[in-house]
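Next come the chains, spelled out residue by residue.
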Amino acid sequence: MGTVVEAMRQTLLSDVLIIGANAITLKGEIVSIDGSGNRVAGMMFGPKHVIIVVGANKICMDLDEALKRIRNVAAPLNYIRHINKHHNRYDELPCVQKGKCFDCVHPRSACRKIAIMRGEVEFNADRTHLLVVNDNLGL
């Protein structure tokens, strides 16, 4: 496990990070949820340039709708994807069993850290770029 965590840390030193997000609001707020925090950390700080790609299916009216989408659509489906692809033991999570979020604090929950990006500070103005694809992408 040590080498996996170290590799996760090293990604913060990359020149370019290409990543998805769980939701985007009509105001342009980029919302993502993560268990260990490595994914959202890279979006916030570290890599010199960040390109965030989202499908039209992830556009939400506001933060409330974005969080509901993440907890009740993206997270349960992502757990199921991990169960099927990696044989991870997420099947005991309440959201996997019931298909919606129960705001649990299960030790395997990947819903530990929520990040909301509202842009960059002035000196980093050109760091992050959002690409919205007019198609359904991801969960």
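Scroll up to find the structure this text is about.
Parameters and conventions
- Residues numbered from 1 in each chain as written.
- Predicted model: local features only at pLDDT ≥ 70, side-chain atom pairs only at ≥ 80, totals over all residues.
- Heavy atoms only, no water.
- Helix = DSSP H or I, 4+ residues; strand = E, 2+ residues; numbered from the N terminus.
- Rg over C-alpha atoms; globule rule 2.2 N^0.38 Å.
- Buried < 20%, exposed > 50% of the residue type's maximum accessible area, 1.4 Å probe, protein only.
- Contact = heavy atoms within 4.5 Å.
- Areas by Shrake-Rupley, 256 points an atom, 1.4 Å probe, with all protein chains shown as cover.
- Core = buried A, V, L, I, M, F, W, Y, C linked by side-chain atoms within 4.5 Å.
- Polar contact = N/O pair within 3.5 Å; in protein donor to acceptor, adjacent residues only side chain to side chain.
- Salt bridge = Lys/Arg side-chain N within 4 Å of Asp/Glu carboxyl O.
- Pairing = 2+ DSSP bridges.
- Axes fitted to C-alpha atoms, helices over the stretch in contact; angles between N-to-C directions.

Visitor: Give a detailed account of the overall build of the chain, specifying residues and quantitative values.
Guide: Check the secondary structure of the chain and you find four helices and seven strands. Secondary structure elements in the chain, listed N-terminal to C-terminal, are α-β-β-β-α-β-β-α-α-β-β. Against the 2.2 N^0.38 benchmark of 14 Å for 139 residues, the chain shows a C-alpha radius of gyration of 15 Å, consistent with a compact globule. Put simply, the chain has 139 residues, and 32% of those count as buried. Here the contacts in the chain between residues at least 6 apart in sequence split such that 71% fall between residues at least 24 apart. Accessible surface computed for the chain: about 8600 Å², of which carbon and sulfur atoms make up 57%.

Visitor: Kindly report on the nonpolar core, identifying the contributing residues and their values.
Guide: One finds L17, I19, A21, I24, I30, M43, V50, I52, V54 and M117 forming the largest nonpolar core, which totals ten residues. Secondary-structure elements contributing two or more residues to this core are β1 (16-20) and β4 (49-55). Looking at this core, the element that brings in the most residues is β4, giving three residues. Contact partners of A21, with chain neighbours within four places excluded, come to I30, V31, S32, R39, M43, I52, V53, V54 and K58.

Visitor: Would you mind going over the environment of M61 in detail, with residue names and values included?
Guide: Among the secondary structure elements, M61 is positioned in the loop between β5 (59-60) and α3 (63-86). Relative accessible area serves as the criterion here: at 54%, M61 is assigned to the exposed category. Excluding anything up to four places from it in sequence, M61 contacts T25 and L26.

Visitor: Summarise the side chain of E29; cite the residues concerned and give the values.
Guide: Looking at the secondary structure, you find E29 in the loop between β2 (23-25) and β3 (30-34). We classify E29 as buried; its relative accessible area is 9%. Within the structure, E29 has its side chain in polar contact with the side chain of T25 (distance 2.8 Å). In this structure the side chain of E29 is engaged in a polar contact, spanning 3.1 Å, whose partner is the side chain of R118.

Visitor: Can you lay out the pattern of salt bridges for me, pointing to particular residues and giving the numbers?
Guide: By the definition in use, this model includes four salt bridges. The partner of R9 in a salt bridge is E6, and the shortest N-O contact between them spans 3.8 Å. Placement of the pair is R9 and E6 together in helix α1 (residues 2-10), with a separation of three residues, close to one helical turn. The exposure class of R9 is exposed, given its relative accessible area of 51%. Among the salt bridges present, the one from R118 reaches E29, with a minimum N-O distance of 3.1 Å. You can see R118 sitting in the loop between β6 (113-117) and β7 (128-133) and its partner E29 sitting in the loop between β2 and β3, a full 89 residues away along the chain. Residue R118 is classed as exposed on the basis of its relative accessible area of 63%.

Visitor: Go over the sheet that holds β2, please, and point to the residues and values.
Guide: Strand order in the open sheet made by the four strands is β5-β2-β3-β6, with mixed pairing throughout. Across the chains shown, the open sheet's two edge strands, defined by having one partner strand only, are β5 and β6. Relative to β3, β2 runs antiparallel, the two being bridged by two bridges. Each residue of the ladder has a partner; that of I24, found in β3, is I30.

Visitor: Summarise the sheet that holds β4; cite the residues concerned and give the values.
Guide: Taken together, three strands build an open sheet; the order of strands is β1-β4-β7 and the sheet is parallel. This sheet does not close on itself; its edge strands, each paired only once, are β1 and β7. Taken over all neighbouring pairs, the strand axes of this sheet differ in orientation by 20 degrees on average, direction set aside.

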